[in-house]
Amino acid sequence: MSSHSNNIFPGSSTQQHSGDEDSDVETGDEEDIEEAPSYSVEEQVIEERENTEEEVRNEVEMSRSNEIVQEARSQRRGANYANWQSNVIPVSMPMFTGAIDPQRGGNLIYTPVDSFSLFFSDALLKLFCEHTNRYIHSLLAQTQPLKTLRGYVEVSVPELKEFLAILFYLGIKRLPNETMHWYPQNSKFFSQWFSSIMSYKRFRQIKRCLSIAMPTAEENEKDKLAKVRSLITQTTEASNKYYIPDQDLGLDESQILCCGRNARVSHRSDKFTNKPLKDYIKSFAIHESKTGYCVNFRIDDRVPEKDITRKVVLRLCTSSLPKRPYKIATDRYYTSVDTATSLLEQGFYMYGTMRTDRGVCKELISKKKEVGQGEFVWKMATPSMLCGVWKDSDYVAFFSTCHSPEATTVSRRRRKEGIVETNCPVVMKEYNDYMGACERCNALKNNYSCQLQHKRRWYMCIIYYCFELMVINSLILYKQTSGTSISHLQYRNSVIDSLASAFLTARRPPSGLKRVRVHSTIALPRHRLMNVGDHMPVKIAGGLRKNCKWCYATKKKQKQVTIECCCCKVPLYVGDCWRMYHTSEALESLD
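Residues numbered from 1 in each chain as written. Predicted model: local features only at pLDDT ≥ 70, side-chain atom pairs only at ≥ 80, totals over all residues. Heavy atoms only, no water.

Colleague: Is there a simple way to explain the pattern of salt bridges in this structure?
Modeller: When the charged atoms of two side chains with opposite charge come close together, those side chains can pair. In this structure the tally under the stated criterion is ten salt bridges. In this structure, R229 and D223 form a salt bridge, with 2.9 Å as the shortest nitrogen-oxygen distance. Each member of the salt-bridge network shares a partner with another, and the members are D307, R310 and D338. (Salt bridge = Lys/Arg side-chain N within 4 Å of Asp/Glu carboxyl O.)

What follows is the structure, encoded as structure tokens:
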């Protein structure tokens with residue numbers, strides 16, 4: 001059983017927490033106890049009246065809060081209620097006619113860069129250049145502009161392609177620090193390719209100012225993701241425009257690593273959540289189970305909303321998928337009777353593991369102790385809803401709107417028996433086969449992740465996340481269209497070469513013309529050769545640093561230098577010390 005089936009059922013025993021009883025205990029000596037102040041009869045009556053009014057007010061507020069809680073619970077139970085029965089209800093699904101040819105809209109894809117250009121279009125790159133230049137002008141207009149922005153030139157589309165080429169290559173060739181690719185040149189990590197494409201100063205300027213939107217303060221208050229909303233929209237539109245997925249899909253969440261500083265929409269995991277990243281941004285995404293193609297995604301902006309899981313599933317499915325009988329695998333966080341009913345109204349089907357408070361038949365929960373290894377019990381309800389409990393390594397509750405209570409076999413490894421075949425419901429076998437769509441896409445992204453560190457602009461991690469998704473989707477689109485078995489690394493190398501060669505070609509002179517270097521002669525004064533002498537300054541052998549003899553003899557200062565006289569072999573500071581040492585009389589303190 002996969003990891004999704006662990007801890008489905010919490011313990012049935014309840015823990016009762018009883019508070020400590022308050023007791024009035026008199027401590028200390030009688031001399032330390034102050035006498036109670038004396039009140040008049042009228043004051044005592046007023047105080048008792050105020051106490052009774054406060055008690056009545058508290059009772060009314062408690063009753064109102066209890067009514068609200070009970071109403072919310074009843075609404076939830078009513079939404080996830082189903083008339084479960086032991087009879088088999090036939091499941092009728094329309095036939096899935098198959099995905100449309102990925103090559104849609106007359107876009108011919110011959111090379112990897114053709115598929116890449118469908119997602120990174122010229123309109124998107126121009127939008128990046130426009131807002132990047134606007135952002136840099138706003139920084140330069142400040143009273144104290146950054147030193148790294150000195151001599152800044154506006155970014156063009158060819159130069160932005162060059163930046164993307166370096167960015168994607170940094171994901172392939174990873175080093176502890178990105179500066180190690182440029183210098184020092186005598187280092188074994190130095191690569192001439194980076195310096196030939198772009199200087200590190202220019203790369204750092206574009207990285208510092210890369211932007212796709214400059215919203216106002218009001219827009220930022222209304223939408224926490226206003227600075228990247230346009231990129232998210234264009235990424236999802238391109239993903240839906242050029243590709244239609246197969247029938248089996250998987251819906252799950254993924255983590256985006258935050259860039260240094262805590263973001264406005266970030267989550268912090270603790271020892272109870274058991275997440276791989278401690279500071280992350282949550283992304284809900286729906287992927288094709290076969291390839292991992294991201295059909296649609298939504299960044300969690302952490303806005304409090306009622307029934308958020310149901311609305312997330314409906315928005316992801318209805319806004320991107322065509323009207324076809326898609327089968328969507330979800331884990332226990334998203335699966336519920338209410339969500340499945342809403343998807344059935346839209347023509348979509350849901351299956352997966354389920355929590356006990358999301359509509360599971362209570363009779364099955366009471367019978368779970370009677371279920372043996374490899375056995376399962378089930379109930380069905382209209383319209384074509386299946387609910388059951390199966391025991392693998394632990395008890396698992398499952399739900400489906402597109403399966404009947406049929407059984408199959410799966411392979412399991414036992415400690416003493418080895419690999420054995422055990423019974424399993426068909427819905428759980430398909431769940432294990434198709435639920436890992438999001439993990440498949442994350443594995444492709446993590447192989448050559450291009451995310452860079454930013455200390456201030458937290459939203460840059462979402463921009464890098466969109467870049468990685470578009471690269472993965474363009475790779476899958478190219479493989480499905482061309483039918484070639486190109487690897488992920490080969491595809492990235494081909495895209496990088498195409499982006500870098502386009503800019504290098506733009507910088508070359510026109511064909512038939514050659515660059516001519518003009519060498520000019522500079523006239524030097526002839527008196528420079530008069531009375532030169534043999535006392536010339538040279539560097540101290542081994543790169544050592546020694547104290548200047550003249551400074552120590554005359555001023556008792558330890559001034560370290562790296563230059564000495566080639567004849568005298570005395571370390572001296574080039575300047576007054578050099579002149580005074582070679583022109584003054586000998587001093588006893590010099591030796």
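Colleague: It is not clear to me how the pairing of strand β3 (residues 279-288) should be interpreted in this structure. Could you clarify?
Modeller: The two faces of the sheet receive side chains in turn, since in a regular strand these alternate between them. For β3, the buried fraction is high: ten of the ten residues fall into the buried class. Burial along β3 is two-sided: D279, I281, S283, A285 and H287 facing one way and Y280, K282, F284, I286 and E288 facing the other are all buried. Where strand β1 (residues 248-257) meets β3, nine bridges bridge the pair, whose relative direction is antiparallel. Bridge pairing in β3 links L249 to E288. With three bridges connecting them, strand β2 (residues 266-268) and β3 associate as antiparallel partners. Looking at β3, one finds that S266 is bridged to I281. Pairing of β3 with strand β4 (residues 294-299), which is carried by five bridges, proceeds in the antiparallel orientation. Across the sheet, the residue bridging to S283 is I299, located in β4. Once β3 ends, the chain turns through five residues before running back antiparallel as β4, passing G292 with a positive phi of about 90°. (Buried < 20%, exposed > 50% of the residue type's maximum accessible area, 1.4 Å probe, protein only. Helix = DSSP H or I, 4+ residues; strand = E, 2+ residues; numbered from the N terminus. Pairing = 2+ DSSP bridges.)

Colleague: It is not clear to me how empty space enclosed by the protein should be interpreted in this structure. Could you clarify?
Modeller: Empty space among the atoms can be located by rolling a probe the size of a water molecule over them. Summed over all chains, the structure comprises one cavity of 30 Å³ or more. Put simply, the largest cavity is a space of about 40 Å³. In terms of lining, the largest cavity is formed by L125, F128, L160, F163, L164, L210 and F467. Of all the elements in the fold, those that place two or more residues in the lining of the largest cavity are α3 (122-140) and α4 (157-172). Ranked by the residues each element gives to the lining of the largest cavity, the list is headed by α4, at three residues. A class-by-class count of the residues in the lining of the largest cavity yields seven nonpolar, no polar and no charged. (1 Å grid on protein atoms, 1.4 Å probe; cavity = no way out; pocket = protein on both sides within 12 Å on 5 of 7 lines; lining within 4 Å. Points joined across faces, edges and corners; volume = space filled by probe spheres on them. Nonpolar A, V, L, I, M, F, W, Y, C, P; charged D, E, K, R; others polar.)

Colleague: I tried to follow the pairing of strand β11 (residues 418-425) on my own but got confused; where do I start?
Modeller: In terms of strand pairing, strand β10 (residues 407-414) meets β11 through eight bridges, oriented antiparallel. If you follow A407 over to β11, its bridge partner there is P425. The hairpin formed by β10 and β11 contains three residues between the paired strands.

Colleague: What am I meant to see in the side chain of H181 here?
Modeller: As for its position among the elements, H181 is in the loop between α4 and α5 (192-197). Beyond its immediate chain neighbours, meaning those up to four positions away, H181 contacts L170, K173, L175, F189, F190, S191 and F194. (Contact = heavy atoms within 4.5 Å.)

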